[in-house]
Every structure is written in C-alpha cells, then in structure tokens.
Amino acid sequence: MHTELQLDNQICFRLYTAARLVTQTYTPMLNALGITYPQYLVLMVLWENDCQPVNDIAHRLLLETNTVTPLLQRMEKQGIVVRQRGKEDKRQQIVSLTEKGKALEEQAYNSIPAGMGEELRDCPLRLEDYQLLANELDLIIDTLKKR
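What counts, and where the lines are drawn
- Residues numbered from 1 in each chain as written.
- Predicted model: local features only at pLDDT ≥ 70, side-chain atom pairs only at ≥ 80, totals over all residues.
- Heavy atoms only, no water.
- 1 Å grid on protein atoms, 1.4 Å probe; cavity = no way out; pocket = protein on both sides within 12 Å on 5 of 7 lines; lining within 4 Å.
- Points joined across faces, edges and corners; volume = space filled by probe spheres on them.
- Helix = DSSP H or I, 4+ residues; strand = E, 2+ residues; numbered from the N terminus.
- Pairing = 2+ DSSP bridges.
- Contact = heavy atoms within 4.5 Å.
- Axes fitted to C-alpha atoms, helices over the stretch in contact; angles between N-to-C directions.

Draft legend 1. Focus on the layout of surface pockets. Space inside the largest pocket adds up to approximately 1800 Å³. Lining the largest pocket are 40 residues; nearest its centre among them are Ala19, Val22, Tyr37, Leu137 and Ile141. For the lining of the largest pocket, the secondary structure elements donating two or more residues are helix H1 (11–33), helix H2 (37–48), helix H4 (65–77), helix H5 (99–119) and helix H6 (127–145). It is H6 that provides the largest number of residues to the lining of the largest pocket, a total of 12 residues.

Pasting the structure below:
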C-alpha cells in the first residue's frame, strides 16, 4: 500500500473533518436564530458591507452565483434580506439586509462567539494559535483558488 494514500496521512481529510465538525457545532446556535450555516456566511458578508450584488457575495464566499441565488431566495422568504434590481445595471440583483437581518447580527454576536468558545474550552489551543491557523489556511485557500 502507498503510505501517501493512507487516510491518516491526508491533510484534506483533516480539513474536511474539522470543517464538518465546526459546522455541526454551529448548528444548534444557528437553529436558535432560525438560520443555517450557509445563511450565516451570507449574513456575515452583508453585516460587513450591506447592499451588495449577488455576484460580489458569491465571489466573497468562493461560490458560484447559481449556488448563492437559491440561498438568497430562501432568506428573502424568511424576511432576512431583500433583492432588488440594480439602478445602473438592471441585470444586477442587489441584496440588502432587512431590519430582521440587521437584528440577527446582534443576536449572533451575543451567542455565537461565546458558544464556540465554550465548545472549544477543552482544546489546548490559545487565541494566538487560532490566528496562526487561520493565516495558514488562508495561504492554502489563496493558492488553490488561483487554479
């Protein structure tokens, strides 16, 4: 057997497992807010900068617009966002937060960081370690997204 192909030697498996478990840990906190993890990602993009074209949101999340559009449609039905035609380019859809979407930011702030901190309290990593890990993951992401 090729040791390079053993599961324990794969960084991709560790990344996949960590991402899946982090998302799974977020789920109860997001359920309390009435949103899913992908909706949370969209909201974070809009909390940073409201009133964005669908293309910009998709680009920021490294997703295709045909993945983001159905997500935004569901969020619009929930009253979290509104979509409107662009004023300058009618082909463009501009996504904006509703009052409900804006209020979710404060609710998320009050529950999610502390909730994740509690879930990770037994992990020996320090805050600085998480920042270093984020920087290293950014290097992998930046390298692979150029392909």
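Draft legend 2. Examining unusual backbone geometry more closely. Phi is positive for cysteine 51, close to 60 degrees, though the residue is something other than glycine. Here cysteine 51 shows up in the loop between H2 and strand E1 (52–53).

Draft legend 3. Main features of the sheet that holds strand E3 (residues 93–97). Pairing within the open sheet is antiparallel, and its three strands lie in the order E1-E3-E2. In this open sheet, the two strands that pair with only one neighbour each are E1 and strand E2 (81–85). Summarising the sheet, E1 and E3 pair through two bridges and their orientation is antiparallel. Bridge pairing in E3 places proline 53 opposite isoleucine 94. Contacts from H2 reach E1, E2 and E3, with the element oriented near 85 degrees to E3. H4 contacts E2 and E3 of the sheet and is inclined by roughly 120 degrees relative to E2.

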